[in-house]
Amino acid sequence: MDSSVNTFGYVNRIIERVRYSNNIVLLLIILFGLAIRIAVFSGITGGDDMIYSYHIHKFHTGDFEPGATHWSLRLGFILPSLLFTYLFGFNEIALTLFPLICSLINIILIYAFARLFFFERTALLAAFFLSFFPMDVFLAGMVFIDTPLALMMDAAIFYFIKGEREDKTAYYLLSGICVGWAWLIKESGAYIFLFYLTYLTMEKKLRLKYAVVVLAFLSVISIEGGYYYIKTGNPFYRLSVAQKTHNETIQNNEILILRGKNWFIEPLLVLATDQEFGFYYYLILPIAIYLFIKRDKKARISLIWMIPLMIYTLYGSTSPFHFFPLQRWPRYLAPVTVPALTLLAYFFNEKKECLGNKFSMLSTAFLFLTSMCCIFLFNSGPDDSYFVKKIAEFKRQNSQTAILIHWKMYEHLAPFLEYRKDNIKLYDFPENKPRPIGTFYYGLEIAEPDKVKDAYIVIPPENCQITPRNHNNWKFIRSVQKSKKFYCGWLEHSFLLNLNLISADAMGQFCPPKACEIYYIQ
């Protein structure tokens with residue numbers, strides 16, 4: 001009897017030591033991921049992040065009125081980011097803390113998810129893959145919504161599966177809340193219902209507890225609806241703005257093909273050539289197909305998660321009532337990263353009989369080295385917001401003089417300059433068709449450059465060719481260089497251009513004109 005008790009105690013101590021060592025390894029992986037993310041911190045890069053920064057700044061200064069664009073209504077991202085600006089001040093570091101924290105939590109979550117189905121070593125390998133997955137590393141240091149969105153969608157599925165395994169209503173409740181939060185971050189958060197529908201179809205079961213997920217989701221969005229009702233009188237204000245944006249996009253026929261000229265083949269080129277994915281999907285796609293054909297039971301949930309969401313993201317429509325293809329920006333695939341990397345880790349660690357242990361080890365080393373190259377070598381440093389920061393610096397050095405900013409640039413400058421305090425005036429070129437007040441002007445007064453004296457005027461890059469140089473009272477001050485976005489170096493030196501796989505329009509989107517001009521109106 002005593003010997004059996006001693007043996008049982010000895011086994012328990014071994015188990016505890018293994019768990020402790022695994023936790024240490026996971027902690028080291030998280031610290032490694034944090035170090036990489038800090039090393040390539042980008043801050044505000046000159047895209048949608050400047051728009052989000054502007055609206056966070058509005059809230060930070062006490063203006064809680066809903067905006068007129070869909071970017072301004074993504075409260076699931078704006079409010080948590082706002083909290084960090086209250087705690088640490090309004091700056092680039094505070095603005096990126098929410099995406100950074102979400103990125104690190106996602107490393108923990110992929111580990112926890114993989115443990116539900118696979119060996120401990122597989123879970124640690126999946127976490128390790130995510131720690132240096134290029135797209136996740138880049139987005140963690142930017143003011144973009146994709147990392148928080150991915151975390152909420154990942155958490156929704158994780159808690160749902162936990163509820164299935166442990167039959168606890170609380171997990172279904174948490175799943176629904178996470179879906180609601182994902183919706184508050186971006187409307188595409190609702191795509192996660194593709195997983196639920198596929199799961200119900202494949203598993204052929206319907207439980208009353210599933211209603212808890214739906215009720216929790218509806219509760220979250222009803223709070224959002226209440227806010228809009230109080231502010232605008234329309235509880236569906238966000239949907240109406242999103243629909244208006246969608247209608248304008250359809251009218252303008254703004255279908256952007258990033259790679260090649262074939263809409264159907266483009267997603268494969270994006271997965272194969274974009275630095276944000278490294279070489280991961282060269283392995284993930286054939287592995288997923290193999291596991292799907294084999295009907296692998298352990299990989300079942302990851303496949304149900306990954307395949308429908310990926311197919312819809314790449315080939316789906318912006319509206320269920322009118323087919324208009326989604327744009328294939330690489331970051332839109334962030335919500336499928338966790339199941340994709342989990343499948344990769346599972347194949348490498350538990351399916352070694354297919355290609356051998358050496359293949360798994362060499363492939364892991366290859367992914368690590370090539371990902372480091374994508375992260376560090378192709379990150380060309382200064383980005384698209386560089387010129388905006390330089391203009392803000394110029395204005396601070398000339399604080400006593402008014403400055404005219406083109407309305408297109410105001411959103412970008414708003415996080416760095418205050419409209420009234422810094423004596424900013426907005427203007428538009430006569431050749432351009434002015435946008436309605438409230439769309440981009442935010443109700444601010446529009447000045448006429450010809451009637452302004454003793455002020456600086458900034459001519460944005462896209463309008464440099466129509467600069468009124470014949471004005472005798474316009475004195476050229478300086479040209480502000482506009483650096484490339486972090487992926488321009490990769491595009492300009494890659495085989496894609498030589499093979500004509502990137503269209504001129506797409507190249508213009510990636511690497512727009514690189515300078516703006518500042519004049520003094522005497």
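About the criteria used
- Residues numbered from 1 in each chain as written.
- Predicted model: local features only at pLDDT ≥ 70, side-chain atom pairs only at ≥ 80, totals over all residues.
- Heavy atoms only, no water.
- Core = buried A, V, L, I, M, F, W, Y, C linked by side-chain atoms within 4.5 Å.
- Buried < 20%, exposed > 50% of the residue type's maximum accessible area, 1.4 Å probe, protein only.
- Helix = DSSP H or I, 4+ residues; strand = E, 2+ residues; numbered from the N terminus.
- Contact = heavy atoms within 4.5 Å.
- Patch = residues over 30% accessible without salt bridge, like charges linked within 9 Å, V, L, I, M, F, W, Y side chains within 5 Å.
- Areas by Shrake-Rupley, 256 points an atom, 1.4 Å probe, with all protein chains shown as cover.
- Salt bridge = Lys/Arg side-chain N within 4 Å of Asp/Glu carboxyl O.
- Pairing = 2+ DSSP bridges.
- Axes fitted to C-alpha atoms, helices over the stretch in contact; angles between N-to-C directions.
- Parallel < 35°, antiparallel > 145°, perpendicular 65-115°, else oblique.
- Left-handed = near helix turned anticlockwise from the far one by under 90°.
- Nonpolar A, V, L, I, M, F, W, Y, C, P; charged D, E, K, R; others polar.
- pLDDT = per-residue confidence, 0-100.

**A closer look at the nonpolar core**
Logical step 1: Among the nonpolar cores identified, the biggest contains 130 residues, and Phe-129 and Phe-195 are the most heavily contacted of them.
Logical step 2: A per-element tally of this core places helix α4 (residues 92–117) first, with 14 residues.
Logical step 3: Once you skip the residues sitting within four places of it in the chain, Phe-195 turns out to touch Ile-157, Phe-160, Ile-161, Ile-301, Ile-304 and Trp-305.
Logical step 4: Ranked by size, the runner-up nonpolar core spans ten residues in total, among them Tyr-427, Val-452, Ile-457 and Ile-459.

**Focus on a nonpolar patch on the surface**
Logical step 1: A cluster of nonpolar side chains, contributed by Ile-24, Leu-27, Leu-28 and Leu-31, occupies part of the molecular surface with about 350 Å² of accessible area.
Logical step 2: Tracing the backbone shows Leu-31 in helix α1 (residues 2–39).
Logical step 3: We classify Leu-31 as partly exposed; its relative accessible area is 45%.

**Overview of the pairing of strand β3 (residues 455–459)**
Logical step 1: Most of β3 sits out of view: five of its five residues are buried.
Logical step 2: Here strand β1 (residues 402–406) runs beside β3; their pairing, made up of four bridges, is parallel. Following the sheet pairing, Ala-402 is matched in β3 by Ala-455.

**Some thoughts on unusual backbone geometry**
Logical step 1: Positioned with a positive phi, Asp-167 is a non-glycine residue whose angle comes to about 55°.
Logical step 2: Structurally, Asp-167 can be placed in the loop between α7 (146–166) and α8 (169–185).
Logical step 3: Given a relative accessible area of 40%, Asp-167 falls into the partly exposed group.
Logical step 4: Of note in the backbone geometry, Arg-295 takes a positive phi value of approximately 55° without being a glycine.
Logical step 5: With respect to the helices and strands, the residue Arg-295 is situated in the loop between α13 (280–293) and α14 (300–315).

**Comments concerning the packing of α4 against helix α5 (residues 120–131)**
Logical step 1: In contact at an axis separation of 8 Å, α4 and α5 are set at 155° when each is read in the N-to-C sense. As summarised for this structure, α4 and α5 are arranged roughly antiparallel, according to the angle between their axes. α4 and α5 meet at a crossing whose hand is right-handed. Residues Asn-106, Ile-107, Ile-110, Tyr-111, Ala-114 and Arg-115 of α4 form the contact with α5, whose participating residues are Glu-120, Ala-123, Leu-124, Ala-126, Ala-127, Leu-130 and Ser-131.
Logical step 2: Split by residue class, the contact of α4 with α5 holds nine nonpolar, two polar and two charged.

**Remarks on the confidence of the model for the protein chain**
Logical step 1: With 74% of its residues at a pLDDT of 70 or more, the protein chain has an overall mean of 78.
Logical step 2: Every residue in residues 434–442 scores below 50 in pLDDT, and together they form 20 contacts with partners more than four places removed in sequence or on other chains.
Logical step 3: Ignoring residues within four places in sequence, the model shows residues 483–513, a span with pLDDT below 50, making 69 contacts including any to other chains.

**Some thoughts on the pattern of salt bridges**
Logical step 1: What the rule picks out here adds up to 16 salt bridges.
Logical step 2: Of the charged contacts in the structure, one is a salt bridge between Arg-74 and Glu-187, with a shortest N-O distance of 3.4 Å. Of this pair, Arg-74 sits in the loop between α2 (48–60) and α3 (75–88) while Glu-187 is found in the loop between α8 and α9 (193–203), placing the two residues 113 residues apart along the sequence.
Logical step 3: For Arg-207, the salt bridge is made with Glu-164, and the minimal N-O distance between the two is 3.1 Å. Of the two residues, Arg-207 sits in the loop between α9 and α10 (210–232) while Glu-164 sits in helix α7, which places them 43 residues apart along the sequence.
Logical step 4: For Arg-207, a relative accessible area of 26% gives the class partly exposed.
Logical step 5: Salt bridges sharing partners connect three or more residues here, namely Arg-74, Glu-187, Glu-224 and Arg-238.

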